[in-house]
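Understanding the architecture of this molecule
Take a look at the letters that make up each chain.
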Number of protein chains: 2
Amino acid sequence: MRLQGTEPGLDALDAGILSALDRDARITMSELARLIGMSAPGVAERVRRLEAAGVLKGFSAEIEPRALGYAIRAMVRIRPLPGKLHLVEKLIDACPNIVECHKITGDDPFLAQLVVRDIEEMDGVLEALAEHAVTSTAVIKSQAVRRRLPPLR
Amino acid sequence: MRLQGTEPGLDALDAGILSALDRDARITMSELARLIGMSAPGVAERVRRLEAAGVLKGFSAEIEPRALGYAIRAMVRIRPLPGKLHLVEKLIDACPNIVECHKITGDDPFLAQLVVRDIEEMDGVLEALAEHAVTSTAVIKSQAVRRRLPPLR
DNA sequence: GTTGAAAATAGCACGAA
DNA sequence: TTCGTGCTATTTTCAAC
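Just so we're clear, the structure is a prediction, and the values are computed from it rather than from any experiment. (Residues numbered from 1 in each chain as written. Chains lettered and ligands numbered in written order. Predicted model: local features only at pLDDT ≥ 70, side-chain atom pairs only at ≥ 80, totals over all residues. Heavy atoms only, no water.)

**Thoughts on the protein's contact with DNA strand C**
In the vicinity of DNA strand C, the contacting residues are A:Thr28, A:Met29, A:Ser30, A:Arg34, A:Pro41, B:Met38, B:Ser39, B:Pro41, B:Gly42, B:Arg46 and B:Arg49. In DNA strand C, the atoms that sit within 4 Å of the protein are 78% sugar and phosphate, with bases accounting for the remainder. One of the side-chain N or O atoms of A:Ser30 is found 2.7 Å from a phosphate oxygen in DNA strand C. Within the side chain of B:Arg46, a nitrogen or oxygen atom sits 2.3 Å from a phosphate oxygen of DNA strand C. The dominant element in the surface near DNA strand C, judged by the number of residues it contributes, is helix H3 (residues 40–52) of chain B, at four residues. Here the surface near DNA strand C is built from residues that sort into four nonpolar, four polar and three charged. (Near = heavy atom within 4 Å. Polar contact = N/O pair within 3.5 Å; in protein donor to acceptor, adjacent residues only side chain to side chain. Helix = DSSP H or I, 4+ residues; strand = E, 2+ residues; numbered from the N terminus. Nonpolar A, V, L, I, M, F, W, Y, C, P; charged D, E, K, R; others polar.)

**Comments concerning a negative patch on the surface**
A cluster of acidic residues, A:Asp118, A:Glu120, A:Asp123 and A:Glu127, forms a negative patch at the surface. Position of A:Glu127 among the secondary structure elements: in helix H5 (residues 119–130). (Patch = residues over 30% accessible without salt bridge, like charges linked within 9 Å, V, L, I, M, F, W, Y side chains within 5 Å. Areas by Shrake-Rupley, 256 points an atom, 1.4 Å probe, with all protein chains shown as cover. Salt bridge = Lys/Arg side-chain N within 4 Å of Asp/Glu carboxyl O. Lys, Arg positive; Asp, Glu negative; His and termini not counted. Charge placed at Lys NZ, Arg CZ, Asp CG, Glu CD.)

**Digging into the interface of chain A and chain B**
The partner chain B presents 66 residues to the 66 residues of chain A that form the contact. For the pair chain A and chain B, the summed buried area comes to about 6100 Å², and 56% of that belongs to carbon and sulfur atoms. Across the salt bridge formed by A:Asp93 and B:Arg148, the nearest N and O atoms sit 3.4 Å from each other. The interface formed by chain A and chain B holds 42 residue pairs in polar contact (both at pLDDT 80 or more) in total. Elements with a minimum of two residues in the side of chain A that touches chain B: helix H1 (12–23), strand E1 (56–63), strand E2 (72–80), helix H4 (85–94), strand E3 (98–104), strand E4 (110–116) and strand E5 (133–145) of chain A. Here the residues of the side of chain A that touches chain B are counted per class, giving 35 nonpolar, eleven polar and 20 charged. As paired elements, E5(A) and strand E3 (residues 98–104) of chain B share four bridges and run antiparallel to each other. From the neighbouring strand, A:Ile140 faces E3(B), where its bridge partner is B:Ile104. (Contact = heavy atoms within 4.5 Å. Buried area = accessible area lost by both parts, 1.4 Å probe. Pairing = 2+ DSSP bridges.)

Right, dumping it as structure tokens:
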């Protein structure tokens, strides 16, 4: 196996495996084997190697927030007030409505994805942040590109 | 089962199921059954119902772009030039380095997540967009909050 | 939702290329 | 090394309750 971070390291079979697992992570190794034309132990071994190489970090469920009553999703840029960077980072982590947050370059250090049931709930979260940071909120209207993999080779 | 979008609709067992599947989507129904204290056919039935209700949209692999040689990740705000909205949307969809894109409110209609191997590749993507849109790029330095579920009840 | 039996699958050792 | 075959344990699925 090649070192992590060097390429390609992935042949067409690995690419097929990753692609299939991305479409349906609960597929059986047998079915996966049929799809790419290998034996089940063979693909299972490759999957283990991809995990060991750090390519496959895990498998997760795609859950639809709307179906849980979270009608609104928004991207929030967050700029902590002077001296409040660490405090704000803790606030962000402690806010259960923030389902993801990146530290980014530029004027606003954080870009968070917010999921709320209604405008009132959104306002509550933003108000709580407002004491220690300036926020810019953009409501998500739709997905132009649904989560997908980058080119695998 | 309650109508999609009405709450709660989820009891503690469903919440446990979703949480466990989010942590590891490839867990067996038997193991999941043990975790939440039910029989295997019982949990399997609940999982089917959560899928039918639109709560569980699917299961996907978490793939680490870095391990594939994509050293840089960035969030790009994209503002199409007048009359170029649809063209830009097509360009975005056709760009394999864009792994996700939201249509949002505000001055910049699109917020895309970009994954590239190096600065040169990033420049190439942004140059291609520059003909038809104004872009603002923020490189992702780290994840402050790793993808997680909102409160399930 | 549970139990129990049949079919499919996973995981292992071993041999071949 | 990496993959395939054949075995056993586990899991899935379906029936009946």
